[in-house]
Amino acid sequence: MKKRRPAVTLKDIAAKTGYSVNTVSRALRDKDDIAAPTREMIQKTAQEMGHVSNTLAASLRLGYTNTIAVILGDISNPHFSIMMKEIEGYAWKAGYTSILFNTNENEELELAAIQSALNKNVDGIIICPAQKTPDNLTYLKESGVPFVLIGRRDEAYSYVVCNDELGGYQATKELLSAGHRDILLLHGATYISSARERLEGYCRAFREAGVPVNERLIRQVPVVSDGCEAVLRDLENEGQEYTAIFAFSDMLAWEAWCCLLKRGKMVPKDCSIIGFDHIESRLKLPLGLTSVSSYKGRMSAMAAQILVEQIQGSAEIRQAVIDTAIAAGGTVRNRNEYN
């Protein structure tokens, strides 16, 4: 095995430049009491020698690391990947690097991610919480490290979310306006704030239209694993018809679409579909899924901004709700055109 090259020390740089270890140390930290030409020469020499600063030691000395942690539920979902990219971009401009943790919507993994982030002495955390219990957020609050929720809310903490109730309403109204009455809702567990609020919007749209909600068409599915196949199979066995689907996420909408194709059903001819997140705003796909846009870029940048403000001393709880909009695709067909 190849031997690792010994790390370049401050003493090595001092010997090379002829300055004291203290002068080298202060120059590398860009201190003003070292003349600019001297700082530049020492920094250039250190770079040429391959010196890497010991950020851990610096963080212990200074009390901060200029690092934030981002804890998300499912990074295989492009929605979360896009959010991470936006957060990382904003944080970088503000002078912070980002580290990512994936929880797979599991409370134990989430707690481990929080503990790992705290052990790395991060300055703050952005988290999309699993929400099955409040314990992890309570633990995080007691740590004293600033944090902001994204995508899901708890009124005790700072958060940035989209208007999930409005999004659920808009999607359902779109389908009702297209003549659909048997609308299958594929939604997440109601302990998740966004799932609960989208269900509320779904029901509001039915109330306003004067159409009764068919409770048999409200089905819960896991938000990170296959679940649509079992739901559609159960509906078949029950003899329950549906002409449209409103899915909790674009990922679930695509999964449902695949399940329909296996059954010989075409979208939107035989069944209309609306998703949530509008992933195709960033990923150019030949699918044209109609979706609810959550403005994830704006949401992510705002969460990063609030976190940076809290890291820098703001004690104010900030809570932001961003309105949603329908992003028209090609997966909703008006039933009145062919009935």
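Per an unreviewed UniProt entry, the protein carries the name LacI family transcriptional regulator and comes from Hungatella effluvii.

**Student:** Can you walk me through the sheet that holds strand β5 (residues 159-162) in this structure?
**Tutor:** Whether parallel or antiparallel, the strands of a sheet pair through hydrogen bonds between backbone atoms. What the six strands build is an open sheet, ordered β2-β1-β3-β4-β5-β11; its pairing is parallel. Of all strands in the sheet, those with a lone pairing partner are β2 (97-102) and β11 (319-322), marking the two edges. When the angles between neighbouring strand axes are averaged without regard to direction, this sheet yields 15°. In the sheet, strand β3 (residues 124-127) pairs with strand β4 (residues 147-150) via three bridges, with the strands oriented parallel. The residue bridging Ile-126 from the neighbouring strand is Val-148, located in β4. Sheet strands touched by helix α7 (residues 135-143): β3 and β4. Its angle to β4, the strand with the most contacts, is close to 155°. Strands β1 (67-72), β3, β4, β5 and β11 of the sheet are contacted by helix α12 (residues 296-311), whose axis makes an angle of about 165° with β4.

**Student:** What's the story with the domain arrangement of the protein in this structure? I'm lost.
**Tutor:** By a widely used convention, the size of an interface equals the accessible area lost when the partners come together. Per the domain assignment, the segments making up the protein are domain 1 (10-53), domain 2 (65-160 + 296-321) and domain 3 (164-295). Each of domain 1 and domain 2 has a C-alpha centre, and the two are 36 Å apart.

How each quantity is defined
- Residues numbered from 1 in each chain as written.
- Predicted model: local features only at pLDDT ≥ 70, side-chain atom pairs only at ≥ 80, totals over all residues.
- Heavy atoms only, no water.
- Pairing = 2+ DSSP bridges.
- Helix = DSSP H or I, 4+ residues; strand = E, 2+ residues; numbered from the N terminus.
- Axes fitted to C-alpha atoms, helices over the stretch in contact; angles between N-to-C directions.
- Contact = heavy atoms within 4.5 Å.
- Domains from an automatic or database assignment.

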